[in-house]
Amino acid sequence: MQAVTSPALPVPSSGASGHIVLAINPAASFGRTRHAGHQAAGCFRAAGWDVVVLEAEDYGALADMVDRALGGTGVAALVVVGGDGMVHLGVNALAGKDIPLGIVPSGTGNDVARLLNLPLHDTTAACRQALAALAFDGRKIDVGRVTVEGRTTCFAGVLSAGFDAAVNERANSWRWPRGKNRYNLAMLRELVSFGPIEYRVTADGRQWRQRALLISVANGQSIGGGMRITPQAAPDDGWLDLFVVRPLSRLRFLAVFPKVFAGNHTDHPAVQIRRVRQVRLEAAGVVAYADGERLGELPVDVEVVPGGLRVLA
């Protein structure tokens, strides 16, 4: 069999300058993608770039290191290696800056990477795509800006507040199993005791009470590693998609659930999707997650920031 040689990585143009800051998921050393970060650094260096590699024992320490690195001069891009949690770190590190964000997907969910059509679990291909985009300064996408418990943060994918957030809460408390199975098993366990939530929703000046299993505010299309809850959402249209699932019996919920992976659930009578620019969600005892990261308890105020992030995609 004839060997297949991967195309050479692009070399930066003569006008390119500065260096790439590369932040590596601190948990990656325990997973099957533990070498992805240093492989990515090698790819960028082979293409002629100076690379500053950042690693830390936890996300808080890594976020501090990233902020300090971005405060210097000559940063051409921030590239994160990991899943949606690392994307969330990068989005918030770059808030208010015009430095582009590159993503080398090596996490479990990778929902933001899916949204941007990035290669999954292929470090060389992801680096190649980032380098090609860097030559043209990438593209701008919207972000969601959320205020919760007195803090303001941003997200690129989906904010969840309801059943899906409760599943995240439960899955994050388990050490086993790893990967997508943990999320699916946590969903089945949560379904046993979870009941409808009484929300108060204010969207673009209109207020109403909503009884629902969950409400999500989506800039992206999917959660949980490919569940396409808002398949028509676009990250650069200046809108957020408000996704509501009204109360269902457990059996009906389980009947609808498989359709979510193909995005074929949107015509179900219990599902409602509307486009919004601003939304406030209020409910007692409900925790919000965004890009898979815990934000805090409702109420939350969310607004779209059009073109708020430059990405290498």
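Here, the structure is the one placed above.
Procedures and definitions
Residues numbered from 1 in each chain as written. Predicted model: local features only at pLDDT ≥ 70, side-chain atom pairs only at ≥ 80, totals over all residues. Heavy atoms only, no water. Helix = DSSP H or I, 4+ residues; strand = E, 2+ residues; numbered from the N terminus. Buried < 20%, exposed > 50% of the residue type's maximum accessible area, 1.4 Å probe, protein only. Contact = heavy atoms within 4.5 Å. Areas by Shrake-Rupley, 256 points an atom, 1.4 Å probe, with all protein chains shown as cover. Pairing = 2+ DSSP bridges. Phe/Tyr/Trp six-rings, centres within 6.5 Å; stacked < 30°, edge-to-face > 60°. Lys NZ or Arg CZ within 6 Å of the ring centre and 35° of its normal. Core = buried A, V, L, I, M, F, W, Y, C linked by side-chain atoms within 4.5 Å. Axes fitted to C-alpha atoms, helices over the stretch in contact; angles between N-to-C directions.

K.L.:
I'm lost on the overall build of the chain in this one. Help?
P.N.:
The helix and strand tally for the chain stands at eight helices and 16 strands. For the chain, the residues scored as buried account for 53% of the 313 residues in total. By sequence separation, contacts in the chain at least 24 residues apart represent 70% of the contacts at least 6 residues apart. Accessible surface, the chain as shown: approximately 14,500 Å² in total, 50% of it carbon and sulfur.

K.L.:
Would you mind going over the pairing of strand β4 (residues 101–105) with me for this structure?
P.N.:
On a regular strand, one side chain projects to one face of the sheet and the next to the other, so that they alternate. Burial runs high along β4: five of the five residues are buried. Neither face of β4 is open: one carries Leu 101, Ile 103 and Pro 105, the other Gly 102 and Val 104, and all of them are buried. Bridge count between strand β3 (residues 75–82) and β4: five bridges; the pairing is parallel. Counterpart to Val 81 in the pairing with β4 is Val 104.

K.L.:
Honestly, the environment of Gly 82 in this entry has me stumped. Any pointers?
P.N.:
Topologically, Gly 82 is positioned in strand β3. When its relative accessible area of 2% is taken as the criterion, Gly 82 is described as buried. For Gly 82 and Ala 27, which are 55 residues apart along the polypeptide, the C-alpha to C-alpha distance reads 8.8 Å. In this structure, Gly 82 is in contact with Asn 25, Val 104, Pro 105, Ser 106, Gly 107 and Asn 110, ignoring residues within four places of it in sequence.

K.L.:
Hey, could you run me through the pairing of strand β14 (residues 287–290) in this one?
P.N.:
Residue alternation in β14 divides its side chains into two sets, Val 287 and Tyr 289 and Ala 288 and Ala 290, and both sets are buried. For strand β7 (residues 158–162) and β14, the ladder comprises three bridges, and the chain directions are antiparallel. Its bridge partner being in β14, Ser 160 is matched across the sheet by Tyr 289. Judged from the four bridges that link them, β14 and strand β15 (residues 293–297) form a sheet pairing that is antiparallel. Following the sheet pairing, Tyr 289 is matched in β15 by Arg 294.

K.L.:
Would you take a moment to explain the packing of aromatic side chains for this structure?
P.N.:
Two aromatic rings, taken as a pair, are described by how far apart their centres are and by the angle between their planes. Summed over the entire model, instances satisfying the criterion amount to three aromatic pairs. A cation over a ring is seen here: Arg 206 above Trp 208, with NZ or CZ 4.9 Å from the ring centre. It is Arg 277 that lies over the ring of Trp 239; its NZ or CZ is 3.7 Å from the centre.

K.L.:
Got a minute to help me understand the nonpolar core in this structure?
P.N.:
The tendency in soluble globular proteins is for nonpolar side chains to be buried side by side. If you look at the biggest cluster of nonpolar residues, it comprises 51 residues, and the most contacted ones within it are Leu 159, Leu 242, Val 279, Leu 281, Leu 298, Val 300 and Val 302. Take this core: its biggest share by element is five residues, from strand β11 (residues 240–245). When sequence neighbours within four positions are dropped, the list of residues in contact with Leu 281 reads Ala 161, Arg 200, Val 201, Ile 215, Val 217, Leu 298, Pro 299 and Val 300. Of all hydrophobic cores here, the second largest spans 31 residues; its members include Leu 62, Ile 99, Val 143 and Val 311.

K.L.:
What is the right way to look at the sheet that holds β15 in this model?
P.N.:
Across a sheet, paired strands are connected by hydrogen bonds in the backbone, their directions being either parallel or antiparallel. Pairing in this open sheet of six strands is antiparallel, and the strands run β12-β11-β10-β7-β14-β15 from one edge to the other. What marks the edges here is a single partner per strand, and that holds for β12 (271–276) and β15. Direction aside, the axes of adjacent strands within the sheet are offset by 20° on average. Lying on the sheet, helix α6 (residues 163–172) is in contact with β7, β10 (214–218), β14 and β15; it crosses β7 at an angle near 90°.

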